[in-house]
2 protein chains.
Amino acid sequence: MILGRLNHIGVATPSIDDSIAVYRDVMGATAIGEPFDLPAQGVRVCFVDTPNTQIELIEPLGDASPIRAFLEKNPAGGQHHLCYEVPDIQAALAWFRSKGAKVLGEPRTGAHGTPIFFVHPKDMGGVLTEIMESPREQH
Amino acid sequence: MILGRLNHIGVATPSIDDSIAVYRDVMGATAIGEPFDLPAQGVRVCFVDTPNTQIELIEPLGDASPIRAFLEKNPAGGQHHLCYEVPDIQAALAWFRSKGAKVLGEPRTGAHGTPIFFVHPKDMGGVLTEIMESPREQH
């Protein structure tokens, strides 16, 4: 496998609205998407474009949201995961498993509408890593 | 200020050598720099290229290293900061101060040899943020 482009950095926040204000007013972001719910993942997300990648703001959705524990440990929010693109999600899944990396669950549809999976931070230098099939529009 | 490109994601690690092995053997990175010491910052660093940005691996250097506390809280390592480029470090410094964001110390020379400063996570949605003057070679 060849390291793909960094699609986004996932940043957990207790309030997407407050974080949007920081990216818009302090950081000068000019391309900020509309926030939307991902009920199957238990999160509400919003993408902020930088010139070369994206920030994915992530707010808990529902009591069982998987990012609640992260926000309990980091109440102000913070960097949650890194997401890299791959051309073929099934090939990537087989690759990570062959390397002995712990894949969390089965591939599912991610925030960009393509299949994704997560790899446990213990096998990735402490970084929760999302692997995402590239959107076809980019090819 | 207009949001600049994401120069790198700083990832703290207890062992740059172990992290290099992950990026090379599991993630498939093909462009990994030589690690080098930054004694003035109390860190040893190594840059790993992705197609569109870089990962800065950061290992403590010396007992007073500013990342020791982070590694005590996150012994396996993890995402430490995000670094954005600006065209003019002094203009950016004045901007962040005008927005009431807490700048940590004065500008100093960063790992890429250009002036940098850090902004406290409390004013940046929980993300420790490095602001870096773009290397001139890129222009």
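Looking at an unreviewed UniProt entry, one finds chain A named Methylmalonyl-CoA epimerase, with Sphingomonas floccifaciens as its source organism. In UniProt, chain A has this text filed under Sequence similarities (unreviewed entry): "Belongs to the methylmalonyl-CoA epimerase family."

Digging into the relation of the copies chain B and chain A
Note: a rotation about an axis with an accompanying shift along it relates these two copies of the chain. Mapping chain B onto chain A leaves a residual RMSD of 0.0 Å; the transformation is a rotation of 180° accompanied by 0.0 Å of translation along its axis. Here the two chains are linked by the operation of a two-fold rotation axis. Taken as a fraction of all interface residues of chain B, those also at the interface in chain A reach 100%, which identifies the copy contact as same-surface.

As for the interface of chain B and chain A
The interface of chain B with chain A comprises 44 residues on the first partner and 44 residues on the second. Both faces combined, the contact of chain B with chain A buries some 3,400 Å², and carbon together with sulfur accounts for 63% of it. It is B:Leu3, B:Met27 and B:Gln79 that lose the most area in chain B upon contact with chain A, and together they represent 22% of the buried surface on that side. Our count for the chain B to chain A interface comes out at ten residue pairs in polar contact (both at pLDDT 80 or more). Among the secondary structure elements, those contributing two or more residues to the side of chain B that touches chain A are β1 (6-12), α1 (16-26), β5 (78-86), α3 (89-98) and β8 (129-133) of chain B. The element contributing the most residues to the side of chain B that touches chain A is β5(B), with six residues. In terms of residue class, the side of chain B that touches chain A is built from 22 nonpolar, 16 polar and six charged.

About the criteria used
- Residues numbered from 1 in each chain as written.
- Chains lettered and ligands numbered in written order.
- Predicted model: local features only at pLDDT ≥ 70, side-chain atom pairs only at ≥ 80, totals over all residues.
- Heavy atoms only, no water.
- UniProt positions renumbered as here; feature names shortened; annotations may be inferred.
- Least-squares fit on C-alpha atoms with pLDDT ≥ 70 in both.
- Contact = heavy atoms within 4.5 Å.
- Buried area = accessible area lost by both parts, 1.4 Å probe.
- Polar contact = N/O pair within 3.5 Å; in protein donor to acceptor, adjacent residues only side chain to side chain.
- Helix = DSSP H or I, 4+ residues; strand = E, 2+ residues; numbered from the N terminus.
- Nonpolar A, V, L, I, M, F, W, Y, C, P; charged D, E, K, R; others polar.

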